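If you want the building blocks of each chain, they are given just below.
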Amino acid sequence: MQMILVVEDKESMAQMLRETLEAEGYSIVIARDGQEGARQIRENRFDLVLTDLKLPKKDGIEVLKASKTESPLTPVIVMTAFGTIETAVAAMKEGAFDFITKPFDTDHLLLLMDRALETQRVLTENILLKDELSLKLGKPKIIGKSDRIHEVAQKVQKVAPGKTTVLLLGESGTGKELFARAVHNLSQRRAYPFVPINCAAIPRELLESELFGHEKGSFTGADARKLGKFELGDKGTIFLDEIAEMDLALQAKLLRVLQEGEVERVGGVKSVKIDVRIIAASNRDIEKAVEEKLFREDLFYRLNVFPIVIPPLRERKDDIPLLVDYFVETYCQELKSGKKTVAPDALELMISYPWKGNVRELENCIERAVILCDGDTITRDDVVLNSQMMLEGSLSTLPMDGPLEDSVRAAVRIAETQRISKALKETKGNKSRAAELLQVSYKTLLTKIKDYRLEP
């Protein structure tokens, strides 16, 4: 519910505005003079201020200035009696969103308020988007059919509707921000901002200002008040990625935000009430960091209300074909390269690869393959992988469930593939010499090369 401050000294007008606006679903606070209005602005957070110009103790211009000082993005609509238009114009110069002349039609006022609130929303989003220019538009939806990803999706759906703090854990590149956005989009906060903050990407000395804002003159270069991401994201969701990289001193301030629901700007002397949902994420073992005194235990328990572990790609191999198809289609469109398909042996190569960089690495691989592919079929030659990682990481992909025979068969395949590949490389592709080196018959070597698709 959006909160509106009405500053009006005439009781009949104040009551009419209360009844009208409450009937439209707004929460209303009435101030009967300018001094009370300025105090309310200092102590509370409003979505819009509606003030008369002529008021006891302090006039509407002073109320306007108080609002612009405390919350620069909050729109102010000035009500003025006929004959004081010049004063209303002066109010516009001071930053009022608009003015309306008494007596006025309530439908006109409601239309004006709708415009003001929409303008505020767009301004807030524009400020936030400036910090997201490095992010690609149209990030992929959650793709997968594996049991592991289905389990995660179920947890997201269960936790999304409330305000519960969520902690996303998983290796780098598994898509933690994607799941954080899913929680936000499935929640009642979806109409409000989703604010992603990478705690590892912002210098520690700047992160506090980035999160909580700062007052003018609070440090060298602070030539104006700046609202932090928590204030800009009010009523929305704050996503704190790489939370384990946050400085211990700043962790204490974040803990206060979680406990009290308020922030204090750098250099400020008063707290600002905010209403945000926190989703945190880390690719590190936070419990180990707590043991090593690198992360506050009390903050960890505040964040770890509803943990969700995002599985690495090597543990959800059933999803690789779906992801490959998605990324191929995406980059064919983006690069305007025409429709392409993936050859079966190329897909099998990608399924067997350990993907230490997870979905992000797979996406980069597909983008590279689409660029390298000259025809309409992506082949093994177009799939550029880290050969050293293939040698070192293949054993990590062995099946750890099911019959021992399956694990042994997979291990033999991995060992033979690596050994034959090494022999072919040493003999520069001479199969006869490679067979002698491996002490197998030429026919046996040809059969295994075919079975393991090791032809260049």
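Please refer to the structure higher up on the page.
None of the values given here were measured: they were computed from a predicted structure.

Caption draft 1: Main features of the nonpolar core. Membership of the largest hydrophobic core comes to 31 residues, with the highest contact counts inside it found for Leu211, Phe230, Leu240, Ile243 and Phe295. Elements with a contribution of two residues or more to this core: strand E7 (194-198), helix H8 (204-212), strand E10 (237-241), helix H10 (248-260), strand E13 (277-282), helix H11 (286-291) and helix H12 (297-303). Counting residues per element, this core draws most heavily on H10, at four residues. In this structure, Leu211 is in contact with Ile197, Gly228, Lys229, Phe230, Leu240, Met246 and Leu250, ignoring residues within four places of it in sequence. If you look at the next biggest cluster of nonpolar residues, it comprises 25 residues, including Val328, Tyr331, Val370 and Ile378.

Caption draft 2: Inspection of the environment of Ser27 at higher detail. Looking at the element boundaries, Ser27 is found in strand E2 (residues 27-31). Using a relative accessible area of 21% as the deciding quantity, one classes Ser27 as partly exposed. Considered as a pair, Ser27 and Gln15 are twelve residues apart in the sequence and their alpha carbons are 13 Å apart.

Caption draft 3: Main features of the packing of helix H2 (residues 34-43) against helix H3 (residues 60-70). At a minimum axis distance of 9 Å, the contact between H2 and H3 shows a crossing angle of 10 degrees. As summarised for this structure, H2 and H3 are arranged roughly parallel, according to the angle between their axes. For the pair H2 and H3, contact is made by Gly34, Ala38, Ile41 and Arg42 and by Val63, Ala66, Ser67 and Glu70, respectively. Split by residue class, the contact of H2 with H3 holds four nonpolar, two polar and two charged.

Caption draft 4: Highlighting the pattern of salt bridges. Enumeration according to the criterion identifies 28 salt bridges in this entry. In this structure, Glu315 and Arg148 form a salt bridge, with 2.6 Å as the shortest nitrogen-oxygen distance. In this pair, Glu315 sits in the loop between strand E14 (306-309) and helix H13 (320-334) while Arg148 sits in helix H6 (residues 147-159), placing the two residues 167 residues apart along the sequence. Of the residues examined, Glu315 reaches a relative accessible area of 42% and is grouped as partly exposed. Residue Lys422 is joined to Glu426 by a salt bridge in which the shortest nitrogen-to-oxygen separation is 2.5 Å. Of the two residues, Lys422 and Glu426 both sit in helix H17 (residues 404-426), four residues apart, roughly one turn of that helix. With relative accessibility at 47%, the residue Lys422 sits in the partly exposed group. In the salt-bridge network here, residues are joined through shared partners; they are Arg45, Asp47, Glu215, Glu231, Asp234, Lys235 and Arg265.

Caption draft 5: Focus on empty space enclosed by the protein. Scanning the entire structure with this criterion turns up two cavities of 30 Å³ or more. Here the largest cavity is characterised by a volume of approximately 170 Å³. Lining of the largest cavity is provided by 17 residues; of these, Ile41, Asn44, Arg45, Glu70 and Ser71 occupy positions nearest its centre. Looking at the lining of the largest cavity, the elements that each hand over two or more residues are H2, H3 and strand E12 (272-273). Ranked by residues supplied to the lining of the largest cavity, first place goes to H2 with three residues. Here the residues of the lining of the largest cavity sort into four nonpolar, five polar and eight charged.

Caption draft 6: Geometry of the pairing of strand E3 (residues 48-52). Most of E3 is tucked away: five of the five residues are buried. Alignment of strand E1 (residues 3-7) against E3, held across four bridges, turns out to be parallel. For Val7, the partnering residue across the bridge sits in E3 and is Thr51. By the bridge criterion, four bridges tie E3 to strand E4 (residues 76-81) in an arrangement that is parallel. In the sheet register, Thr51 faces E4, and the bridge partner there is Val78. The handedness of the E3 to E4 crossover, carried by H3, is right-handed.

Calculation notes
Residues numbered from 1 in each chain as written. Predicted model: local features only at pLDDT ≥ 70, side-chain atom pairs only at ≥ 80, totals over all residues. Heavy atoms only, no water. Core = buried A, V, L, I, M, F, W, Y, C linked by side-chain atoms within 4.5 Å. Buried < 20%, exposed > 50% of the residue type's maximum accessible area, 1.4 Å probe, protein only. Helix = DSSP H or I, 4+ residues; strand = E, 2+ residues; numbered from the N terminus. Contact = heavy atoms within 4.5 Å. Axes fitted to C-alpha atoms, helices over the stretch in contact; angles between N-to-C directions. Parallel < 35°, antiparallel > 145°, perpendicular 65-115°, else oblique. Nonpolar A, V, L, I, M, F, W, Y, C, P; charged D, E, K, R; others polar. Salt bridge = Lys/Arg side-chain N within 4 Å of Asp/Glu carboxyl O. 1 Å grid on protein atoms, 1.4 Å probe; cavity = no way out; pocket = protein on both sides within 12 Å on 5 of 7 lines; lining within 4 Å. Points joined across faces, edges and corners; volume = space filled by probe spheres on them. Pairing = 2+ DSSP bridges. Right-handed = clockwise from strand over helix to strand, strands pointing away.

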